[in-house]
Amino acid sequence: MPNEAEMRLRERLSKLGSMKLLRGTKLTGELARLQEQLDQIRADPSAEEIWQSVELARHQDRPYTLDYVERILDDFFELHGDRGRADDPAVVAGLGKLDGRTIVLVGHQTGRELKERSRRNFGMAYPEGYRKAMRAMALADRHGFPLVTMINTPGAYPGVAAEQHGQGGAIARSQAAMLRLRVPTVACVIGEGGSGGAVAIAVADRVLMQENAIYSVISPEGCAAILWRDAGEARKAAAAFKPDAAHCLELGVVDGIVAEPEGGAHADPDAAATLLEQAILAALDEIESLDADERRRQRRAKYRAMGVLATT
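The paragraphs below set out a description of the structure included in this document. (Residues numbered from 1 in each chain as written. Predicted model: local features only at pLDDT ≥ 70, side-chain atom pairs only at ≥ 80, totals over all residues. Heavy atoms only, no water.)

Some thoughts on the side chain of R120
Mapped onto the fold, R120 is located in the loop between α5 (114-119) and α6 (127-143). Not counting the four nearest positions on each side in its chain, R120 is found in contact with L66, P89, A90, V92, Q109, T110 and G111. (Helix = DSSP H or I, 4+ residues; strand = E, 2+ residues; numbered from the N terminus. Contact = heavy atoms within 4.5 Å.)

Remarks on the pairing of strand β3 (residues 101-108)
Of all eight residues that make up β3, six are buried, and the element is covered over most of its length. Bridge count between strand β2 (residues 91-98) and β3: eight bridges; the pairing is antiparallel. Counted as the bridge partner of V92 is G107 from β3. Hairpin connection, β2 to β3: the antiparallel pair is bridged by two residues, and D99 has positive phi, about 50°. Strand direction decides the pairing type here: β3 and strand β4 (residues 147-153), joined by four bridges, are parallel. In the strand pairing of β4, V106 is matched with T149. (Buried < 20%, exposed > 50% of the residue type's maximum accessible area, 1.4 Å probe, protein only. Pairing = 2+ DSSP bridges.)

With respect to the pattern of salt bridges
When the charged atoms of two side chains with opposite charge come close together, those side chains can pair. Considering all chains together, one arrives at 19 salt bridges under this definition. Among the salt bridges present, the one from R206 reaches E286, with a minimum N-O distance of 3.3 Å. Of this pair, R206 sits in strand β6 (residues 206-210) while E286 sits in helix α13 (residues 269-287), and the two are 80 residues apart along the sequence. It is possible to trace a salt-bridge network through shared partners that takes in D82, R85, E128 and R131. (Salt bridge = Lys/Arg side-chain N within 4 Å of Asp/Glu carboxyl O.)

What about the nonpolar core?
In terms of nonpolar packing, the biggest core is built from 42 residues, with V106, Y130, M137, M209 and Y215 touching the most fellow members. The element that contributes the greatest number of residues to this core is α6, accounting for seven residues. Excluding its chain neighbours within four sequence positions, the residues that come into contact with Y130 are H108, A125, A156, Q167, A170, I171, G197, A200 and I201. Grouped together as the second largest cluster of nonpolar side chains are 24 residues, V69, A265, L276 and I280 included. (Core = buried A, V, L, I, M, F, W, Y, C linked by side-chain atoms within 4.5 Å.)

So far we have only geometry, and geometry alone does not tell us how the molecule works.
Written out as structure tokens, the structure is:
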């Protein structure tokens with residue numbers, strides 16, 4: 001029996017398939033994308049394939065936010081600081097041109113070498129990072145620029161200093177700020193999307209997820225430590241809660257899967273960037289057809305519906 005996600009995709013395929021194709025509407029590409037996602041739902045990943053996604057999402061050579069910025073944005077100008085306490089290098093924010101249109105970009109940055117990873121706290125943001133993100137969101141809303149976010153973090157930093165600086169409140173306010181935005185918003189999970197640290201900048205009109213990314217409320221190791229008191233059971237935990245892209249799409253927490261080059265995004269970063277750029281542009285084209293009030297209404301309805309238990 002088809003699940004809810006499959007039925008939604010079938011309905012969208014049917015509607016698009018019945019429309020008269022006009023020059024430049026990109027409907028043919030949208031049909032192909034939806035059909036590919038439907039095929040991915042039907043091919044349920046095995047436990048081994050799920051763990052492979054976990055490993056690829058964490059691969060040390062996987063492209064990070066600034067790697068994609070370098071490849072898909074022109075004239076990128078980075079913003080620093082939260083206008084209150086400090087600049088958090090775990091979150092990057094700025095303005096740039098995506099295929100000729102000005103956008104605001106916010107994303108996690110893990111760092112490549114150990115020295116940079118340490119400086120950027122392995123992509124785990126302090127409250128200052130989320131306040132910087134909100135500053136960028138306000139700038140986007142003020143000037144009517146679409147907002148694109150890139151998520152790649154094990155989670156927000158759980159240290160004492162972060163809690164003293166208001167970590168939980170910063171994450172909550174960031175989510176609320178995204179819900180109120182009048183501009184089109186697209187979030188992309190490009191690696192590891194962990195817990196509230198990821199959701200803080202992922203409350204978007206469209207949430208995309210790269211083919212080998214993961215998105216979950218807890219890491220496989222954390223889940224294993226709770227359930228089996230052994231972080232070594234991470235494979236078993238991942239197979240149980242399924243943080244891979246296909247299952248996230250089936251669950252309805254993401255709206256689309258972005259294909260990656262064979263072997264993963266790190267195997268060909270240029271090709272991965274091209275695929276991600278095309279997916280972001282297609283999502284923006286779809287969202288921009290709505291007026292601001294309708295965008296906000298649909299966005300709020302989408303997130304309010306998540307986790308609701310259907311009863312008969």
